[in-house]
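So the chains spell out like this:
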Amino acid sequence: MIAMPPLPTTVLGERLMTLAADLNQYTDEPGRLTRLYLSPAHRAAAEAVMRMMEAAGMSAHIDAAGTVVGRYEGIEPGAPALLVGSHIDTVVDAGSYDGMLGVLAGIVAVEELARRGERMPFAIEVLAFGDEENVRFPTNLSTSQAIAGTYDRAWLDGRDYDGMSLREALLAFGGDPEAVTQLGRDPSSVKGYIEFHIEQGPVLERENLPVGIVSAINGITRARGVVTGEAGHAGTVPMALRRDAFAALSEMNLAVERIGARDPSTVATIGMAKVAPNASNVIPGRVDFMLDVRAPDDPVRHAIVAEMVAEMRDIAARRHVALDLDLYFDAPATAMDAGLMRALETAVTGQGIGARHLPSGAGHDAMAMARLCPSAMVFVRCKGGISHNPAESITVDDADVAVRVLVDAIKAFAAHNG
Ligand SMILES: [Zn+2]
């Protein structure tokens, strides 16, 4: 086999951008991009992705849960596969790259390997998941969980806002509700999973880096709380005699902010606060609120949450208000695989780029896939860190770097996993 010379231009990035623009036409709402799981637009986009995969040299099909699966055989047909993927469902009024970037990077990378006539000692499968954004049904990463073998049949009974069950929607889409629990892969048939995704944050842009390697997907604690004080006339109750629930929560929020900021990899937010009675001339008697704390390390997260709770209770006691706190949600962090991360580091530094590691603050299909096989993620710089918005934007140059990094990482992985 004669080695092909490297491409001198950004032709791979241009190819990715062309395919992304093509996928944009498949929307459930004219004038903006909305592509919910199992909608007619999702079906059309899945078929388009299948055609893109076939044009890139893969065999492709849509599985029982709606994931598009493209396979590029290795040197020996039927070999275990390195999986590369992300999702093609979107939020309402979405951008063009959240999810699609990772699917298209896989397709263009395979297309480039096929152009060079190169095959690996393993197969490469590109996966276009369909249920990542969690918009339509009360599920969580159901399509990637199907492949990971962790699909819960009860999800089929979940209903969308129009009352349609997931089972009915899957049938209308052309899927097979009876077969979704049989999609789980044998761990011995997969080498690993790599997902490229836009960063959805400002770190890479600020540090002038096109890509970064995800160190872990953050674990999350969510709590709902109620601070109860005493409502009263804003004009007549002296300050010293007040039990202002909103003032107490304000002090608690400053403690949350201070404790959450101590470690640069942790984040903490009170993003919802509902003041009652919410009138300009009444001292707030009650505030309902939600607390969200995320960290790449579970013991660190549990420690800072415990510290926040203790300080919030102290503040409540000192201010003579009641604090009711329910830590109702705890999702562990997902570690990324060291071997795949090394292959990605080799590929990134090979492009003359520093290998920056950063945690993922958002959830991704890689969380589900990590339960099946070694998994890793790469973030690609996006303009202003903006996502879930039509203003979502990446450059051709960065798309090009992403595909090159993926191609090189696949080869670096092959060198150590023949
Ligand atoms: Zn996404």
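This report concerns the structure included in the present document.

### Structural notes on the overall build of the protein
A tally of regular secondary structure across the protein gives 11 helices and 15 strands. Counting all 418 residues of the protein, 54% fall into the buried class. In the protein, the share of contacts with a sequence separation of at least 24, taken over all contacts with a separation of at least 6, comes to 77%. Accessible surface computed for the protein: about 17400 Å², of which carbon and sulfur atoms make up 54%. The average position of the 36 basic charges and that of the 54 acidic charges among the side chains of the protein differ by 3 Å.

### Things to note about the packing of aromatic side chains
This structure, assessed with the given rule, holds 5 aromatic pairs. Ring geometry for F129 against Y193: centres 6.2 Å apart, planes inclined by 50 degrees, an arrangement best described as tilted. With F129 in strand β4 (residues 123–129) and Y193 in strand β5 (residues 190–198), the pair connects residues that are 64 residues apart, well separated along the chain. The class for F129 is buried, based on a relative accessible area of 0%.

### Considerations on the pairing of strand β3 (residues 81–87)
Within a regular strand, the side chains alternate between the two sheet faces. Counting buried positions over the 7 residues of β3 gives 7, a clear majority of the element. Across the two faces of β3 the burial is the same, with A81, L83, G85 and H87 and L82, V84 and S86 all buried. Note: β3 against β4, 7 bridges, orientation parallel. Note that in β4 the partner of A81 across the bridge is A123. Here 4 bridges tie β3 to β5, and the two strands are oriented parallel to one another. Directly across from A81, in β5, lies its bridge partner V190.

### Some details on the coordination of the zinc ion
Surrounding the zinc ion are the protein donor atoms H87 (NE2), D98 (OD) and H197 (NE2), which sit 2.0 to 2.1 Å from the metal. Spacing between the donor residues of the zinc ion along the chain follows H-x10-D-x98-H. Residue H87 is found in strand β3, and its partner H197 is found in strand β5; the two are separated by 110 residues along the sequence. Residue class for H87 comes out buried when judged on its relative accessible area of 0%.

### Let's talk about the pattern of salt bridges
The full count for this structure, using the stated rule, is 29 salt bridges. Close ionic contact of K411 with E118 constitutes a salt bridge, the shortest N to O distance being 2.8 Å. Of this pair, K411 sits in helix α11 (residues 396–416) while E118 is found in the loop between α3 (100–116) and β4, placing the two residues 293 residues apart along the sequence. K411 gets classed as partly exposed once you look at its relative accessible area, which sits at 31%. A salt bridge links R262 to E307; the shortest N-O distance between them is 2.6 Å. Of this pair, R262 sits in the loop between α7 (245–260) and β9 (267–276) while E307 sits in helix α8 (residues 298–318), and the two are 45 residues apart along the sequence. R262 gets classed as exposed once you look at its relative accessible area, which sits at 52%. Exposure remark for E307: the relative accessible area of 33% places this residue in the partly exposed category. Each member of the salt-bridge network shares a partner with another, and the members are E112, R115, R116, E118 and K411.

### Some thoughts on the packing of helix α2 (residues 40–55) against α3
Packing of α2 against α3 brings their axes to within 9 Å, and their N-to-C directions diverge by 20 degrees. As judged from the angle between their axes, α2 and α3 are roughly parallel. In this structure, α2 uses V49, M52, M53 and A55 to contact α3, whose residues at the interface are V103, L104, I107 and E111. Class assignment for the residues of the contact of α2 with α3 results in 7 nonpolar, no polar and 1 charged.

### Section: the side chain of H197
Since its relative accessible area comes to 0%, H197 is described here as buried. In terms of polar contacts, H197 uses its side chain to reach the side chain of D98, at 2.8 Å.

### Comments concerning α3
Counted at 1.5 Å a residue, the expected span for α3 with its 17 residues is 24 Å, and the 24 Å between its end C-alpha atoms agrees. With 15 of 17 residues buried, α3 lies mostly within the body of the structure. With its phi angle positive at about 75 degrees, G117 sits one or two positions after the end of α3.

Reading the values: the criteria
- Residues numbered from 1 in each chain as written.
- Predicted model: local features only at pLDDT ≥ 70, side-chain atom pairs only at ≥ 80, totals over all residues.
- Heavy atoms only, no water.
- Helix = DSSP H or I, 4+ residues; strand = E, 2+ residues; numbered from the N terminus.
- Buried < 20%, exposed > 50% of the residue type's maximum accessible area, 1.4 Å probe, protein only.
- Contact = heavy atoms within 4.5 Å.
- Areas by Shrake-Rupley, 256 points an atom, 1.4 Å probe, with all protein chains shown as cover.
- Lys, Arg positive; Asp, Glu negative; His and termini not counted.
- Charge placed at Lys NZ, Arg CZ, Asp CG, Glu CD.
- Phe/Tyr/Trp six-rings, centres within 6.5 Å; stacked < 30°, edge-to-face > 60°.
- Pairing = 2+ DSSP bridges.
- Donors = N, O, S within 2.8 Å, 3.2 Å for Na, K, Ca; no water.
- Salt bridge = Lys/Arg side-chain N within 4 Å of Asp/Glu carboxyl O.
- Axes fitted to C-alpha atoms, helices over the stretch in contact; angles between N-to-C directions.
- Parallel < 35°, antiparallel > 145°, perpendicular 65-115°, else oblique.
- Nonpolar A, V, L, I, M, F, W, Y, C, P; charged D, E, K, R; others polar.
- Polar contact = N/O pair within 3.5 Å; in protein donor to acceptor, adjacent residues only side chain to side chain.
- Expected span 1.5 Å × (residues − 1).

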